[in-house]
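Breakdown of the fold
Spelled out, the chains give:
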Amino acid sequence: MMYAICCVPVAHVRMMPDHRSEMKSQLLFGEKVTVDNSDIKGWIKITCKADGYDGWCQPGQLREIDAVQYEDSAIVLAADWLNEIGYDDKAMFIPLGSLLSVKEKDIKFSGRTFDPATAQTDEIFIRQIAFKFLSTAYLWGGRSVFGIDCSGFAQAVYKFLNIPLLRDAHLQATQGEAVGFLQEVRCGDLAFFDDEEGQIVHVGILLNEHEIIHASTKVRIDKIDNEGIVNTSTGERTHHLRIIKRYF
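What counts, and where the lines are drawn
Residues numbered from 1 in each chain as written. Predicted model: local features only at pLDDT ≥ 70, side-chain atom pairs only at ≥ 80, totals over all residues. Heavy atoms only, no water. Helix = DSSP H or I, 4+ residues; strand = E, 2+ residues; numbered from the N terminus. Buried < 20%, exposed > 50% of the residue type's maximum accessible area, 1.4 Å probe, protein only. Contact = heavy atoms within 4.5 Å. Salt bridge = Lys/Arg side-chain N within 4 Å of Asp/Glu carboxyl O. Phe/Tyr/Trp six-rings, centres within 6.5 Å; stacked < 30°, edge-to-face > 60°. Lys NZ or Arg CZ within 6 Å of the ring centre and 35° of its normal. Pairing = 2+ DSSP bridges. 1 Å grid on protein atoms, 1.4 Å probe; cavity = no way out; pocket = protein on both sides within 12 Å on 5 of 7 lines; lining within 4 Å. Points joined across faces, edges and corners; volume = space filled by probe spheres on them. Nonpolar A, V, L, I, M, F, W, Y, C, P; charged D, E, K, R; others polar.

**So, the environment of isoleucine 46**
The residue isoleucine 46 is located in strand β5 (residues 43-48) in this model. On the basis of relative accessibility, which here comes to 0%, the residue isoleucine 46 falls in the buried class. Each C-alpha atom of the pair isoleucine 46 and alanine 4 lies 9.0 Å from the other, and the pair is 42 residues apart in sequence. Those residues in contact with isoleucine 46, other than ones at most four positions away along the chain, are Val13, Leu27, Val33, Thr34, Val35, Tyr53, Asp54, Gly55, Cys57 and Leu62.

So this is what it looks like as structure tokens:
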């Protein structure tokens, strides 16, 4: 088994080994993967350690590590929207939530960090992290402040809470405990929304029983009621509420 770590600020994970293929997810700097034996025209098949998501990456965006480094769980997160590090004696800027392994000797970093093992799941902290993503553009498959999708946004915020979420909204909906009524929600609960066929297609983070922050066109705060989301700018009802889940 080969292990690797993302060595660029953000690496695209594609559905197929082709630049024109759909970007299904991303890796942030420092995130760990296992590497399949498959190697097709400069692409390698990977599986992300954090959420089990797989896809195709360019090998030059990854750096091989050993099993001890792969299994090491002592990490901290880059705490600012944009963070400058020294890596291989070169300057690099990495996004919020990038992983900084304590055993990675080639990293020089003097900025603000956060240890997710110390996270408090209180309203102040959840808002502080979620609001860092406000106005980030929606990007299918995106997982960073440079561009993010709805489930990537939920996953990114929950990374700071030390709660591992799966990658897609319909998978995240299989985790946690159901909350019966909107009036019972706590800040940080996730609300899931379905389409006309009943398939879960969207997720957002509830701030209270009246407001939700979610990635739709951009990361924004909208109104929510028992039927779903109402766009605060247009008054349009945009998403139909299916279920609410709690994870802490």
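**With respect to the pattern of salt bridges**
Across all of its chains, the model carries 13 salt bridges by this definition. Of the charged contacts, one joins glutamate 31 and arginine 143 as a salt bridge, the two residues approaching to 2.7 Å between their closest N and O atoms. On the criterion of sequence distance, the pair formed by glutamate 31 in the loop between β3 (23-28) and β4 (32-40) and arginine 143 in strand β14 (residues 143-144) is long-range, its members being 112 residues apart. No difference in accessibility class separates glutamate 31 from arginine 143, as the two residues are buried. One salt bridge connects aspartate 225 with arginine 237, and the closest N-O pair in it is separated by 2.9 Å. In this pair, aspartate 225 is assigned in the loop between β20 (218-224) and β21 (228-230) and arginine 237 in strand β22 (residues 237-246), connecting sequence segments twelve residues apart. Exposure remark for aspartate 225: the relative accessible area of 28% places this residue in the partly exposed category. Exposure remark for arginine 237: the relative accessible area of 37% places this residue in the partly exposed category. Through salt bridges with shared partners, a single network forms among Glu31, Arg143 and Lys159.

**What about the packing of aromatic side chains?**
Per the counting criterion, the structure on display carries eight aromatic pairs. When the ring of phenylalanine 29 is compared with that of tyrosine 87, the centres are 5.1 Å apart and the planes differ by 90°; the resulting orientation is edge-to-face. Here phenylalanine 29 is found in the loop between β3 and β4, whereas its partner tyrosine 87 is found in strand β9 (residues 82-87), with 58 residues between them in sequence. Of the two residues examined, phenylalanine 29 and tyrosine 87, each falls in the buried class. For the pair phenylalanine 114 and phenylalanine 160, a centre-to-centre distance of 5.8 Å together with 35° between the ring planes defines the contact as tilted. With phenylalanine 114 in strand β13 (residues 113-114) and phenylalanine 160 in helix α3 (residues 150-160), this pair connects stretches of sequence that are 46 residues apart. Phenylalanine 160 carries the same exposure label as phenylalanine 114, and that label is buried. Clustering of aromatic rings is evident, with ring pairs tying together Phe114, Phe125 and Phe160. Taking NZ or CZ as reference, lysine 24 lies 4.8 Å from the ring centre of tyrosine 53, over its face. The ring of tyrosine 70 carries the charged tip of lysine 49 above its face, separated from the ring centre by 4.8 Å.

**Considering the sheet that holds β9**
Either a parallel or an antiparallel arrangement is found when strands of a sheet pair, and the pairing is made through backbone hydrogen bonds. Ordered in space as β10-β9-β12, the three strands form an open sheet in which the pairing is antiparallel. At either margin of the open sheet sits one strand with a lone partner, and together these are β10 (90-95) and β12 (107-108). Alignment of β9 against β10, held across six bridges, turns out to be antiparallel. Across the sheet, residue glutamate 84 finds its bridge partner in β10, namely phenylalanine 93.

**Here's the deal with empty space enclosed by the protein**
Evaluation of the coordinates by the stated rule reveals one cavity of 30 Å³ or more. Each pocket or cavity is described by its volume, and for the largest cavity that value is around 50 Å³. Surrounding the largest cavity, Val13, Ser25, Gln26, Leu27, Ile46, Cys48, Asp51, Tyr53, Asp54 and Arg143 form its lining. When residues of the lining of the largest cavity are traced back to their parent elements, those giving at least two are β3 and β5. Here the element with the most residues in the lining of the largest cavity is β3; it accounts for three residues. Residue composition of the lining of the largest cavity, grouped by class: five nonpolar, two polar and three charged.

**A closer look at the layout of surface pockets**
By volume, the largest pocket amounts to about 510 Å³. Considering the residues around the largest pocket, the lining is formed by 21 residues, among which Ala50, Ile75, Leu99, Lys159 and Asn162 are closest to the centre. The dominant element in the lining of the largest pocket, judged by the number of residues it contributes, is α3, at three residues. Of the residues that constitute the lining of the largest pocket, the class distribution is ten nonpolar, three polar and eight charged. One number sums up the size of the second largest pocket: a volume of about 270 Å³. Surrounding the second largest pocket, 16 residues form its lining, Tyr53, Trp140, Asp149, Ser151 and Asp168 being those nearest its centre.

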